[in-house]
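One letter stands for each residue in the lines below.
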Amino acid sequence: MKFAYYISCINEGMTKELDIALNLLKKDLGIELARMEEATCCGGSNLEFVHPDVAVVNNARNIALAEKMGLDMVTTCNTCLLGLLEAKHKLDHDEALKAKVNRYLKSHKLEYKGTSKVTHLLWVLNEDYGLDKLKSKVKKPLTGLKIAPFYGCHILRPSHLFGQRDNPYAPRSLDLVIEALGGERIEYESKTKCCGFHTMLVAPEESLKVAGKALVDAVDNDADYIVTPCPLCHTALDSNQADAMKVMGSSASVPVIHLSQLIGLALGYSPQQLGMNKHVVTSRSA
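- The name that an unreviewed UniProt entry assigns to the protein chain is Succinate dehydrogenase.

As structure tokens, this is what we get:
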């Protein structure tokens, strides 16, 4: 099983531990990831508002690079997933736009054809790899660990891009991975809420309040860990946790880990090997 791996900017900067974990476990799982070294930033959902045409060309180029490799494209970032799929949807439903974009790509000796699927690591595990196969790889089941799944909004909405993979109000894909790894997933209201990351620059107090509500909700439901498939959600919930909890009037804390780290724990790797010591919050407090 092989994919063109779209390396998001945040994985190369703030959340390198996500890739540290992923590089460890991909061999165990038998998933080959060809790194897309020539790919560029997806625009972080902001470029779409500033200059939508540039956003489409930019992500068309990224997808065209995967097509040139003859591979489907996988990302580990929800926001990258959204930006790439938005561009793909527009191009696949507008031949005039596709032709216009390809005129720009021609100078890069690229062409967007629409032949490569754009997917996410979470979807790969559920749809391509299979949860039974994932379960068979577990060496150290996460027995006794209460894990709060935090999906992040950019992997659930809008439905016209994501189809029927998950009910945006009651998703199951991350819950099922937790269960396949032997963990106890907890049900809590905030699992489908926004993390507040994208409002940090314009409304920091509101952003911290949004993150804080999710964190307090997980703590109140006795979560040992929060796990998220999105590095931006991780940044909002881990790096900003102290300030977010302060806004909520709480002194509690809860570790937030990446999807790849959760899998790594179940495959027998230590927290240090998985880069969990690089997180701001590394232990639970009541």
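The discussion continues.
What to know about the overall build of the protein chain
Here is step 1 of the chain: Of regular secondary structure, the protein chain possesses 14 helices and 8 strands.
Here is step 2 of the chain: The C-alpha atoms of the protein chain give a radius of gyration of 19 Å, which matches the 19 Å a tight globule of 286 residues would have.
Here is step 3 of the chain: Across its three principal directions, the C-alpha atoms of the protein chain cover 60 × 45 × 30 Å.
Here is step 4 of the chain: Burial status across the protein chain gives 53% buried among its 286 residues.
Here is step 5 of the chain: Looking at the protein chain alone, contacts between residues at least 24 apart form 78% of all its contacts between residues at least 6 apart.
Here is step 6 of the chain: By element, 52% of the accessible surface of the protein chain is carried by carbon and sulfur atoms, the whole surface being about 12,800 Å².
Here is step 7 of the chain: The positive charge centre, built from 33 side chains, and the negative charge centre, built from 33, are 5 Å apart in the protein chain.

Some points on the nonpolar core
Here is step 1 of the chain: In this structure, L181, I226 and I263 are the most contacted members of the largest nonpolar core, which totals 94 residues.
Here is step 2 of the chain: By residue number, the principal contributor to this core is helix α11 (residues 204–220), which donates 7 residues.
Here is step 3 of the chain: No fewer than three residues from each of domain 1 (2–120) and domain 2 (137–278) sit in this core.
Here is step 4 of the chain: Those residues in contact with L181 that sit more than four places away from it in its chain are L134, V138, P141, L142, L262, I263 and A266.

Points about the packing of helix α4 (residues 52–69) against helix α6 (residues 95–105)
When two helices pack together, their arrangement is given by the angle between their axes and by how far apart the axes lie.
Here is step 1 of the chain: At a closest axis distance of 10 Å, the pairing of α4 and α6 adopts a crossing angle of 70°. Viewed along their axes, α4 and α6 adopt a mutual orientation that is roughly perpendicular. Across the interface between the two elements, D53, V56, V57, A60, R61 and A64 of α4 pack against L97, K100, V101, Y104 and L105 of α6.
Here is step 2 of the chain: Class assignment for the residues of the contact of α4 with α6 results in 8 nonpolar, no polar and 3 charged.

A short note on the pattern of salt bridges
Here is step 1 of the chain: Tallied over the full model, the rule gives 15 salt bridges.
Here is step 2 of the chain: The residue K117 makes a salt bridge to D128 at a minimum N-O spacing of 3.4 Å. Linking K117 in the loop between α6 and β4 (118–120) with D128 in helix α7 (residues 121–129), this pair joins segments that are 11 residues apart in sequence.
Here is step 3 of the chain: Owing to a relative accessible area of 29%, D128 belongs among the partly exposed residues under this scheme.

Topic: the packing of aromatic side chains
Here is step 1 of the chain: A complete count under the given rule lists 1 aromatic pair for this structure.
Here is step 2 of the chain: Ring centres 5.6 Å apart and planes at 75° place the aromatic pair W123 and F162 in the edge-to-face group. With a gap of 39 residues between them, W123 in helix α7 and F162 in helix α9 (residues 159–162) connect regions that are remote in the sequence. The same class applies to W123 and to F162, which are both buried.
Here is step 3 of the chain: The side chain of R165 reaches across the aromatic face of W123, ending 3.8 Å from its centre.

Things to note about the domain arrangement of the protein chain
Here is step 1 of the chain: Annotation of the protein chain at the domain level lists domain 1 (2–120) and domain 2 (137–278).
Here is step 2 of the chain: Each of domain 1 and domain 2 was reduced to a C-alpha centroid, and the two centroids are 24 Å apart.
Here is step 3 of the chain: Every contact between the two is made by 26 residues of domain 1 and, on the other side, 30 residues of domain 2.
Here is step 4 of the chain: Each partner contributes to the roughly 2,400 Å² buried at the junction of domain 1 and domain 2, and carbon and sulfur atoms together form 69% of this total.
Here is step 5 of the chain: Of all residues in domain 1, E17, D28 and N78 give up the largest surface area on contact with domain 2, accounting jointly for 24% of the area buried on that side.
Here is step 6 of the chain: Here domain 1 is connected to domain 2 by 1 salt bridge.
Here is step 7 of the chain: Here D28 makes a salt bridge to K139, at a shortest N to O gap of 3.8 Å.

What about the environment of Y112?
Here is step 1 of the chain: Note that Y112 resides in the loop between α6 and β4.
Here is step 2 of the chain: On the accessibility criterion, Y112 (0% relative accessible area) is buried.
Here is step 3 of the chain: In the structure, Y112 is positioned 47 residues away from L65 in sequence and 8.5 Å away in space, judged by C-alpha atoms.
Here is step 4 of the chain: Y112 has contacts with A60, I63, A64, E67, K88, L91, D92, K98, N102 and L105, leaving out every residue within four places of it along the chain.
Here is step 5 of the chain: At 3.4 Å, the side chain of Y112 and the side chain of K88 are in polar contact.

Calculation rules
- Residues numbered from 1 in each chain as written.
- Predicted model: local features only at pLDDT ≥ 70, side-chain atom pairs only at ≥ 80, totals over all residues.
- Heavy atoms only, no water.
- Helix = DSSP H or I, 4+ residues; strand = E, 2+ residues; numbered from the N terminus.
- Rg over C-alpha atoms; globule rule 2.2 N^0.38 Å.
- Buried < 20%, exposed > 50% of the residue type's maximum accessible area, 1.4 Å probe, protein only.
- Contact = heavy atoms within 4.5 Å.
- Areas by Shrake-Rupley, 256 points an atom, 1.4 Å probe, with all protein chains shown as cover.
- Lys, Arg positive; Asp, Glu negative; His and termini not counted.
- Charge placed at Lys NZ, Arg CZ, Asp CG, Glu CD.
- Core = buried A, V, L, I, M, F, W, Y, C linked by side-chain atoms within 4.5 Å.
- Domains from an automatic or database assignment.
- Axes fitted to C-alpha atoms, helices over the stretch in contact; angles between N-to-C directions.
- Parallel < 35°, antiparallel > 145°, perpendicular 65-115°, else oblique.
- Nonpolar A, V, L, I, M, F, W, Y, C, P; charged D, E, K, R; others polar.
- Salt bridge = Lys/Arg side-chain N within 4 Å of Asp/Glu carboxyl O.
- Phe/Tyr/Trp six-rings, centres within 6.5 Å; stacked < 30°, edge-to-face > 60°.
- Lys NZ or Arg CZ within 6 Å of the ring centre and 35° of its normal.
- Buried area = accessible area lost by both parts, 1.4 Å probe.
- Polar contact = N/O pair within 3.5 Å; in protein donor to acceptor, adjacent residues only side chain to side chain.

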